[in-house]
Amino acid sequence: MVTATANVTSEKCPMCGSASNRTVCERARLGRQWALTECRACRLHFTAPIPTQDDLVAFYQGDYHSDLRIEAGTEKAFDAKYQRYADALGRHLPLGRVVDVGCSTGLLVRKLCDRGYDAEGIELNADSAAWGRDNYDVIIHSKPLEACPYGPESLDAILFTDVLEHTQHPRDYLREAGRRLVPGGIALVTFPDIWSIESRYHYLLSKLLRRDWMWGNCHVPLHVWEFTRVTAEACFTGAGFEVVEFRRTQPAPEPVDSLALKVLSAPTNLLSWPLLSSWFGTQMEFVIRKV
Ligand SMILES: [Zn+2]
């Protein structure tokens, strides 16, 4: 059920420090309640309480990624968008040393190697990392970025595709990662917009029908921060980056069992039209440069 929005958590905003906030919705995971909380000062949306490192590890145990670790599984899920990401990187960095953080099975790493980049991946899910090494013949480290052999200013680009929002503190994580980039180095960052048209529509449905699960765009607590374009750019600026390219796309709708939800979601299928997706799509894709 959707809960009242007046609940206030005692958690301070991890981006600006303000204690003034509102609860947007609540979700249960690992037998506990987590709130999507909006800071009234900077409008950042974040999970409260903020998950600990142990919580984050626990979220991804079990069969996470299992649909990718099968023949052609990753290609089916990600081929088109990885092509787009490689193209976006190529517009700003034709060649160089690149790391894909949170690379799952490493298909994007494979594509970048094929284009001539010196590319490696990082994936904390050991099963996915091992599967990728065996199937795509790429280097994938299964340990945190800070434990990998990348010294200060040793990388030309770092990719965070649908990964930064899963870290405990995205801005501080990005700033720390940025130390490994050469001056003017590039990062490709993607994640969904929590207040895209599609997300607003499903939020409204969930409120009207009192079915909280219908708001599939809300990924609390897996997404420790949920972004809008404005809060994303504030995060990048705070981490020492400037935006050099921005685009929107509309991901294919996730398969749902509920016929009612399928029918009710039909209007948002219009967002898949290229012109509409580039203006209003849920997925935000940024190329940012270290300043
Ligand atoms: Zn704030």
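Refer to the structure above for everything that follows.
So, a few notes on the structure that sits alongside this text. Keep in mind the model is a prediction, meaning the values are calculated, not measured.

**Remarks on the coordination of the zinc ion**
Part 1: Around the zinc ion, the protein contributes the donor atoms Cys13 (SG), Cys16 (SG), Cys39 (SG) and Cys42 (SG), at 2.3 Å from the metal centre.
Part 2: Geometry at the zinc ion is tetrahedral, judged from its four donor atoms and the angles of 102 to 115 degrees they form at the metal.
Part 3: One chain supplies every donor for the zinc ion, spaced along it as C-x2-C-x22-C-x2-C. On the criterion of sequence distance, the pair formed by Cys16 in the segment before strand 1 (21-29) and Cys42 in the loop between strand 2 (32-39) and strand 3 (45-48) is long-range, its members being 26 residues apart.
Part 4: Overall, the relative accessible area of 21% leaves Cys42 in the partly exposed class.

**Some remarks on the side chain of Asn21**
Part 1: Among the secondary structure elements, Asn21 is positioned in strand 1.
Part 2: Its relative accessible area of 2% is what places Asn21 among the buried residues.
Part 3: A distance of 3.0 Å separates the side chain of Asn21 from the backbone oxygen of Glu11, its partner in a polar contact.

**A word on the packing of aromatic side chains**
Part 1: Applying the stated rule across the entire model yields 15 aromatic pairs.
Part 2: Measuring from ring centre to ring centre gives 6.0 Å for Phe191 and Phe286, while their planes differ by 55 degrees; the resulting arrangement is tilted. A residue pair is termed long-range when its members are at least 10 positions apart, and Phe191 in strand 8 (residues 181-192) and Phe286 in strand 11 (residues 283-290) qualify at 95 residues.
Part 3: Overall, the relative accessible area of 0% leaves Phe286 in the buried class.
Part 4: Taken together, the aromatic side chains of Phe191, Trp225, Phe227, Phe236, Phe246 and Phe286 make up a single cluster linked through ring pairs.

**Some details on the pairing of strand 8**
Part 1: Across the 12 residues that make up strand 8, a large majority, nine, are buried.
Part 2: As judged from the six bridges shared by strand 7 (residues 155-161) and strand 8, these two strands associate in the parallel manner. Directly across from Leu159, in strand 8, lies its bridge partner Leu188.
Part 3: Crossover handedness for the path strand 7 to helix 5 (residues 170-178) to strand 8: right-handed.
Part 4: Direction of pairing for strand 8 relative to strand 11: antiparallel, over a ladder of seven bridges. In the strand pairing of strand 11, Phe191 is matched with Met284.

**Here we look at the environment of Cys42**
Part 1: Sequence separation of Cys42 and Leu107 is 65 residues, and the distance between their C-alpha atoms is 36 Å.
Part 2: Aside from chain neighbours lying at most four places away, what touches Cys42 is Cys13, Met15, Cys16 and Thr231.

**Comments concerning the sheet that holds strand 3**
Part 1: The strand order across the open sheet built from four strands is 1-2-3-9, with neighbouring strands paired in antiparallel fashion. Each edge of the open sheet is held by one strand with a lone partner, namely strand 1 and strand 9 (225-226).
Part 2: Judged from the eight bridges that link them, strand 1 and strand 2 form a sheet pairing that is antiparallel. By the bridge assignment for strand 2, Ala28 is matched with Gln33.

**A short note on the packing of helix 2 (residues 73-92) against helix 3 (residues 107-114)**
Part 1: Look at helix 2 against helix 3: their axes get within 9 Å of each other, and the N-to-C directions meet at 45 degrees. In this view, helix 2 runs oblique relative to helix 3, as classed from their interaxial angle. Where helix 2 crosses over helix 3, the two elements pack in a sense that is right-handed. Of the residues in helix 3, those in contact with Thr74, Glu75, Asp79, Tyr82, Gln83, Tyr85, Ala86 and Leu89 of helix 2 are Leu107, Leu108, Lys111 and Leu112.

**Considering the nonpolar core**
Part 1: Ranked by internal contacts, the top residues of the largest apolar core, which has 48 residues, are Phe160, Phe191, Trp215 and Phe236.
Part 2: Among residues more than four places away in sequence, those in contact with Phe160 are Val101, Tyr173, Leu174, Ala177, Ala187, Leu188, Val189 and Thr190.

Quick notes on the rules
- Residues numbered from 1 in each chain as written.
- Predicted model: local features only at pLDDT ≥ 70, side-chain atom pairs only at ≥ 80, totals over all residues.
- Heavy atoms only, no water.
- Donors = N, O, S within 2.8 Å, 3.2 Å for Na, K, Ca; no water.
- Tetrahedral: all angles 85-135°; square planar, octahedral: opposite > 155°, others 65-115°.
- Helix = DSSP H or I, 4+ residues; strand = E, 2+ residues; numbered from the N terminus.
- Buried < 20%, exposed > 50% of the residue type's maximum accessible area, 1.4 Å probe, protein only.
- Polar contact = N/O pair within 3.5 Å; in protein donor to acceptor, adjacent residues only side chain to side chain.
- Phe/Tyr/Trp six-rings, centres within 6.5 Å; stacked < 30°, edge-to-face > 60°.
- Pairing = 2+ DSSP bridges.
- Right-handed = clockwise from strand over helix to strand, strands pointing away.
- Contact = heavy atoms within 4.5 Å.
- Axes fitted to C-alpha atoms, helices over the stretch in contact; angles between N-to-C directions.
- Parallel < 35°, antiparallel > 145°, perpendicular 65-115°, else oblique.
- Left-handed = near helix turned anticlockwise from the far one by under 90°.
- Core = buried A, V, L, I, M, F, W, Y, C linked by side-chain atoms within 4.5 Å.

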